[in-house]
Amino acid sequence: MIYSHSRLDSYRQCPLKFKFRYIDMLPSELEGIEAFMGSRVHEVLQKLYTDLRFCKTASLEPLIELYQQLWEKAWHENVRIVKEELAPEDYFALGKRCIEDYYHRYKPFNQSRTLGIEHPVQFSLDPEGKYVMKGFIDRLSQPKDHVIWIHDYKTKGFLPTQTELDEDRQLAYYQMAISQLWPETKEVELVWHFLIFDQEIHSRRSPEELETLREETIALIREIESATDFPAKQSGLCNWCEYQQHCPLFKHLYDTASLSENEYLGEEGIGLAEKLITLQSKEELLKAEIAKLKAALWDYAQKKGIEVVFTKNHKVRIKVYDNIRFPGRNDPGRSALENLIREKGKWEEVSYLDVFALSKVLQAGGWDAELVEKIKQLGTPDSSLWIKAFPRNTRGAWK
Ligand code: SF4
């Protein structure tokens, strides 16, 4: 398999989504409107720079007309708008403003000589050519001899910080490609155009940073190629995931969306879940009731000077145990307490292994593989059922 930044990022974001898209090759007609708008803006900028190659500087108006034509031609019924308060016209206007701002900022577009537009690159992460990556660079340009700028147009609705961009992988991969394709290049600069914010941000990568990224990427590819389990990883990005109808976290919503009211009420899973929710709310009420009864019994016992109340078949013991409440793990004073016990050499007597935390650490990965294997051999494979009800707003909501 040839990898790309988006493939690897898809795995990092959610292994199940990666499986749906790249292993099962599930078709998806859904397209987020943000991606739809971004594609149209990219196409317009592509046209702008293609014309500039032939010394034609398009004026703004025809570019906006082109944007409108491309938008109308590409529009399809499966463009999804997640933000319900916005309409297609709002996104169209946003994309138009991106083009206008870009045009006014860079006209006459002579900041650097364009070397490539939507430039395809393929490069190897290892000398043997086992781990190959490919991608498309939005624009490659040369501000002066032996210096190359790698441009990327972004229509994201948030502006990343400089630190986040200094750690960005996508353009760093392209830098690796450029270094292989044009080894005489002395300097490579990564340039993002955040079009919604009319911002241009630059970053550079040192050979050491690229080497670290290369090693991390090979390790990630090896992990992907040896993976047998592709778990669903829920995040805010699920709202834009085109595979929701296949995902176990959302499938039921889709399966029941077209049921009639009667079918909906008679659906087995909905019936079971409703029963559980009713019982759980009764359980909460019972807990509150029990707490009140305990307090009343305590008052009664105090009043009567007794410690046991007898009923026909039971006796109820009422007693107060004196205790000291110590600060919890995140409470103030916790580290002072722990430090004192450690200093006095008593830590081993009161500490114990948190096996829940251990399981979580092993699941998250990151520990030495040999150690993890040894630890796993000391445990027993097990699974436990976890069911919890959460409130949700409406039957049709994505979230
Ligand atoms: S909806 Fe979320 S959890 Fe499910 S496959 Fe898509 S990204 Fe993964």
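Student: Could you give an account of the overall build of the protein, naming the residues involved and the relevant values?
Tutor: The helix and strand tally for the protein stands at 15 helices and nine strands. A globule of 399 residues ought to have a C-alpha radius of gyration of about 21 Å, yet the protein, at 30 Å, is considerably larger. For the C-alpha atoms alone, the extent of the protein along its principal axes is close to 100 × 65 × 40 Å. Counting the 399 residues in the protein, one finds 31% classified as buried.

Student: An account of the site of the ligand is requested, with residue identities and associated values reported.
Tutor: Surrounding the ligand, one finds Cys 14, Lys 17, Ala 232, Lys 233, Cys 238, Cys 241, Gln 244, Cys 247, Leu 249 and Phe 250. A majority-of-atoms criterion places the ligand in the largest cavity. For the shell around the ligand, the class distribution of residues is seven nonpolar, one polar and two charged.

Student: How would you sum up helix α3 (residues 33-53)? Please name residues and give values.
Tutor: The terminal C-alpha atoms of α3 lie 30 Å apart, and with 21 residues this matches the ideal 30 Å at 1.5 Å per residue to within 8%. Looking one or two residues beyond α3, the residue adopting positive phi is Cys 55, at roughly 60°.

Student: I'd like to hear about the nonpolar core, residue by residue, with values.
Tutor: One finds Leu 8, Leu 125 and Ile 150 to be the most contacted residues of the largest nonpolar core, which totals 34 residues. Elements represented by at least two residues in this core include exactly α1 (5-13), α2 (15-23), β3 (113-124), β4 (132-144), β5 (147-154), α7 (170-181), β6 (187-194) and α8 (207-226). If one sorts the elements of this core by residue count, α7 sits on top with seven residues. Counting 29 residues, the second largest nonpolar core, distinct from the first, contains Met 37, Leu 60, Leu 66 and Ile 117.

Student: I'd like to hear about the layout of surface pockets, residue by residue, with values.
Tutor: Reported here for the largest pocket is a volume of approximately 2,200 Å³. Across the lining of the largest pocket, the residue classes tally to 18 nonpolar, 13 polar and 19 charged.

Student: Lay out the pairing of strand β7 (residues 199-203) in plain terms, naming residues and giving numbers.
Tutor: As paired strands, β6 and β7 are joined by five bridges and run antiparallel to one another. Counted as the bridge partner of His 193 is Glu 200 from β7. Two successive antiparallel strands, β6 and β7, enclose a turn made up of four residues, where Asp 198 displays a positive phi of approximately 50°.

Student: Can you lay out α2 for me, pointing to particular residues and giving the numbers?
Tutor: Each α-helix winds once per 3.6 residues, and so residues spaced three or four apart point in a common direction. Within α2, the full set of buried residues consists of Pro 15, Leu 16, Lys 17, Phe 18, Phe 20 and Tyr 22. Close packing links the buried residues of α2 with α1 and α8. A positive phi of about 50° marks Met 25, the residue just after α2.

Student: Account for the sheet that holds β3, with residues named and values stated.
Tutor: Overall, mixed pairing links the five strands, which are arranged β3-β4-β5-β6-β7 in an open sheet. Where the open sheet ends on each side, the last strands, each with one partner, are β3 and β7. Strand-to-strand twist of the sheet, defined as the mean angle between neighbouring strand axes without regard to direction, takes the value 35°. Two strands pair when backbone bridges link them, and β4 and β5 are joined in this way by four bridges, in the antiparallel orientation. From the neighbouring strand, Leu 140 faces β5, where its bridge partner is Ile 150. Against the sheet, α3 contacts β3, β4 and β5, and its axis sits at roughly 115° relative to β3.

Student: Tell me about a nonpolar patch on the surface, and name the residues and values.
Tutor: Taken together, the side chains of Leu 276, Leu 385 and Ile 387 present a nonpolar region at the surface, about 320 Å² in accessible area. Looking at the element boundaries, Leu 385 is found in the segment after α15 (369-377).

Definitions and cut-offs
Residues numbered from 1 in each chain as written. Predicted model: local features only at pLDDT ≥ 70, side-chain atom pairs only at ≥ 80, totals over all residues. Heavy atoms only, no water. Helix = DSSP H or I, 4+ residues; strand = E, 2+ residues; numbered from the N terminus. Rg over C-alpha atoms; globule rule 2.2 N^0.38 Å. Buried < 20%, exposed > 50% of the residue type's maximum accessible area, 1.4 Å probe, protein only. Near = heavy atom within 4 Å. 1 Å grid on protein atoms, 1.4 Å probe; cavity = no way out; pocket = protein on both sides within 12 Å on 5 of 7 lines; lining within 4 Å. Sits in = over half its atoms within 2 Å of the grid points. Nonpolar A, V, L, I, M, F, W, Y, C, P; charged D, E, K, R; others polar. Expected span 1.5 Å × (residues − 1). Core = buried A, V, L, I, M, F, W, Y, C linked by side-chain atoms within 4.5 Å. Points joined across faces, edges and corners; volume = space filled by probe spheres on them. Pairing = 2+ DSSP bridges. Contact = heavy atoms within 4.5 Å. Axes fitted to C-alpha atoms, helices over the stretch in contact; angles between N-to-C directions. Patch = residues over 30% accessible without salt bridge, like charges linked within 9 Å, V, L, I, M, F, W, Y side chains within 5 Å. Areas by Shrake-Rupley, 256 points an atom, 1.4 Å probe, with all protein chains shown as cover. Salt bridge = Lys/Arg side-chain N within 4 Å of Asp/Glu carboxyl O.

Functional significance is not addressed by these values, which are geometric in nature.
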